[in-house]
Amino acid sequence: MSATHGKTLGVAAQIRLPGMSAARAQSFMSDVDQVPVRIADPELWRVPASGWPSAKPLNTVESKWAYLTSVPSKVSGLWAKAVLDAQRDSGATVLLTATGWLSEANGAKSIASAMDWIAESRRLVGDDPMWVNLTMDSKWLSDTSLRNALIDEIVESSERAWHLRFWWPEVKPRYGQLVDAALLRGYRELATATAVEGKRIYLANSGLTGWVATALGASGFSTGQSWGEQAFAATRPMGSQKGAKRPPKIPRMFDSTVLHTMDFNEYSRLRGMPKHREYSTPYSAEIDTYGHTPERASLHYLLAVGELTASLNGTRPNFLAHNRARRGQKFLDGLSPVDQLNGISKPLHLASWMKLLR
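Residues numbered from 1 in each chain as written. Predicted model: local features only at pLDDT ≥ 70, side-chain atom pairs only at ≥ 80, totals over all residues. Heavy atoms only, no water.

Peer 1: Just to check I follow, could you spell out the packing of helix H6 (residues 107-125) against helix H8 (residues 144-156) for this structure?
Peer 2: Two numbers describe a pair of packed helices, the interaxial angle and the distance between the axes. Between H6 and H8, the shortest axis-to-axis distance is 10 Å and the interhelical angle comes to 20°. Viewed along their axes, H6 and H8 adopt a mutual orientation that is roughly parallel. H6 and H8 meet at a crossing whose hand is right-handed. Residues Gly107, Ile111 and Met115 of H6 form the contact with H8, whose own contacting residues are Leu146, Ala149, Leu150 and Glu153. (Axes fitted to C-alpha atoms, helices over the stretch in contact; angles between N-to-C directions. Helix = DSSP H or I, 4+ residues; strand = E, 2+ residues; numbered from the N terminus. Parallel < 35°, antiparallel > 145°, perpendicular 65-115°, else oblique. Left-handed = near helix turned anticlockwise from the far one by under 90°. Contact = heavy atoms within 4.5 Å.)

Shown next, in the form of structure tokens:
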């Protein structure tokens, strides 16, 4: 992505510390030492008592990170230093504050407590690069009073960079896009209000919703090869009868024309349609030559998102993103009834995005 897009695209590398050993974290960061922005997310919201609705007891790998096993209820410089040192030792070049889940139950109290932890993190970090790190329920976007409280804190704070992650309701279909109108409007209000004040917000694990928010004023977003990296969202429990075989995984592929991940067979069919534009990557070329694999398809998705993000580097990025969504919808509208996409392959978000991006 860096080689292809140069200065039109800023690229960072981010790892999730609790999911790997210290040695693995250091090894990965060493492998990407050419990337100037490297983030080692401590994922403090994973702690069972954090308030995150899906928190579970720490597994064996997570328990080896000492900072996750004993989280103080009051500001502790010693514990905050342990969180920051874990990131430094892993090779991070930008540190995330020692802050975790931001409860919506008592928003004012929660955010005041978080600001105390942020101040302590800044005291320990000094002038080194640091981003405020907050993870919260999507109500902080959809609820006007909560959203305004968050925006006010961002605007009034001396901190300029904010790494924000919002817990969405379940997204259907899997690998689809967020279509909740209230949440999308919340992203727009957050992005536009903070951009006016010169604040930089980075939306973690937000996928193409983050791309839309970036078009509206956010400074960036993160995504990845797996669904969990593309959407921080509730998931439906997957159960099956004992002894029953799991259904085969659906081969998927991201299509840049309709901005949607779909069944690979449907993607292959679309490519032969008039007015379907081909946005090839080295990985889609590999698929054409050697066949589909989940890894090749997910790497194709990453490069495609890189192209989409680089395309916003111009005047009125919201207009540029609107044009991409409009072209996708126009292509779909031009398909005959028998050629229309259905099920998991049908994009449901383009009309919502066009309305948001106007």
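Read on, since the account is not over.
Peer 1: Explanation requested: the nonpolar core in the structure shown.
Peer 2: Note that soluble globular proteins tend to have their nonpolar side chains buried in a common cluster. In terms of nonpolar packing, the biggest core is built from 66 residues, with Leu164, Phe166, Trp211 and Trp353 touching the most fellow members. Not counting residues within four places of it along the chain, the set of residues in contact with leucine 164 comprises Leu134, Met136, Ile154, Leu190, Ile201, Tyr202, Leu203 and Ala204. Core analysis: the next-biggest nonpolar cluster, separate from the first, contains 25 residues, Leu17, Trp79, Ala86 and Leu95 among them. (Core = buried A, V, L, I, M, F, W, Y, C linked by side-chain atoms within 4.5 Å. Buried < 20%, exposed > 50% of the residue type's maximum accessible area, 1.4 Å probe, protein only.)

Peer 1: Whenever I open this one, helix H16 (residues 350-357) confuses me. Can you help?
Peer 2: If you check which residues of H16 are buried, you get Leu350, Trp353, Met354, Leu356 and Leu357. Taken down its axis, H16 places every buried residue within 165° of arc, on the same side. Buried residues belonging to H16 abut helix H9 (181-196), helix H10 (207-215) and helix H15 (317-333). (Arc of directions from axis to C-beta.)

Peer 1: Please explain the environment of serine 268 as it appears in this structure.
Peer 2: Following the sequence through the fold, serine 268 ends up in helix H12 (residues 264-270). Sequence-wise, serine 268 and isoleucine 250 are 18 residues apart; in three dimensions their C-alpha atoms are separated by 14 Å.

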